[in-house]
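Okay, here's what each chain looks like letter by letter:
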Amino acid sequence: MSTIVPETYVLYLIAIGVVVSIGKSLIKEEMDSFRVIIGKAIVTGATSLIAGSLLLFFSNLSPIAVLGIASAFATLGVEGSIKLIKDFTIKHINKTGDK
């Protein structure tokens, strides 16, 4: 059982996305404006919340696993996460459609 309360858990997921996004912006060759960095941080923070939705399907997933998946989604970014989810969904639909 997890000792993290749900509200805190959501904040952790958002914080991971924000930190990863800011880190990615800082290591780029060309610097983004402050407005762009904040915008990317907000969008990536929301993207990392996708990992929290895994708890709907796998309720016994450990908090560390969910936080790790949130970091992966944040690193992939919005476009990469959407492509990954679409590819997974299409493969899953094709497998169930063949039966």
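Since the model is a prediction, treat every value here as computed from it, not as a measurement.

Caption draft 1: Main features of the side chain of Ser21. Of note, Ser21 is situated in helix H1 (residues 6-27). Judged by relative accessible area, which is 4%, Ser21 ranks as buried. Here the side chain of Ser21 touches Lys40 through a polar contact of 3.2 Å, landing on its backbone oxygen. Setting aside residues up to four positions removed in sequence, Ser21 forms contacts with Lys40, Ala41 and Thr44.

Caption draft 2: Representation of the side chain of Thr44 in the model. Along the chain, Thr44 falls in helix H2 (residues 34-48). At 2.8 Å, the side chain of Thr44 and the backbone oxygen of Lys40 are in polar contact. With residues near it in sequence (within four places) discarded, Thr44 still touches Gly17, Ser21 and Ala74.

Caption draft 3: Spatial organisation of the pattern of salt bridges. Per the stated rule, a full pass over the model turns up one salt bridge. Close ionic contact of Asp87 with Lys83 constitutes a salt bridge, the shortest N to O distance being 3.1 Å. Note that Asp87 and Lys83 are positioned in helix H4 (residues 63-98) at a spacing of four residues, about one turn of the helix. Overall, Asp87 belongs to the partly exposed group, its relative accessible area being 35%.

Calculation notes
- Residues numbered from 1 in each chain as written.
- Predicted model: local features only at pLDDT ≥ 70, side-chain atom pairs only at ≥ 80, totals over all residues.
- Heavy atoms only, no water.
- Helix = DSSP H or I, 4+ residues; strand = E, 2+ residues; numbered from the N terminus.
- Buried < 20%, exposed > 50% of the residue type's maximum accessible area, 1.4 Å probe, protein only.
- Polar contact = N/O pair within 3.5 Å; in protein donor to acceptor, adjacent residues only side chain to side chain.
- Contact = heavy atoms within 4.5 Å.
- Salt bridge = Lys/Arg side-chain N within 4 Å of Asp/Glu carboxyl O.

Taken by themselves, the reported measurements are silent on function.
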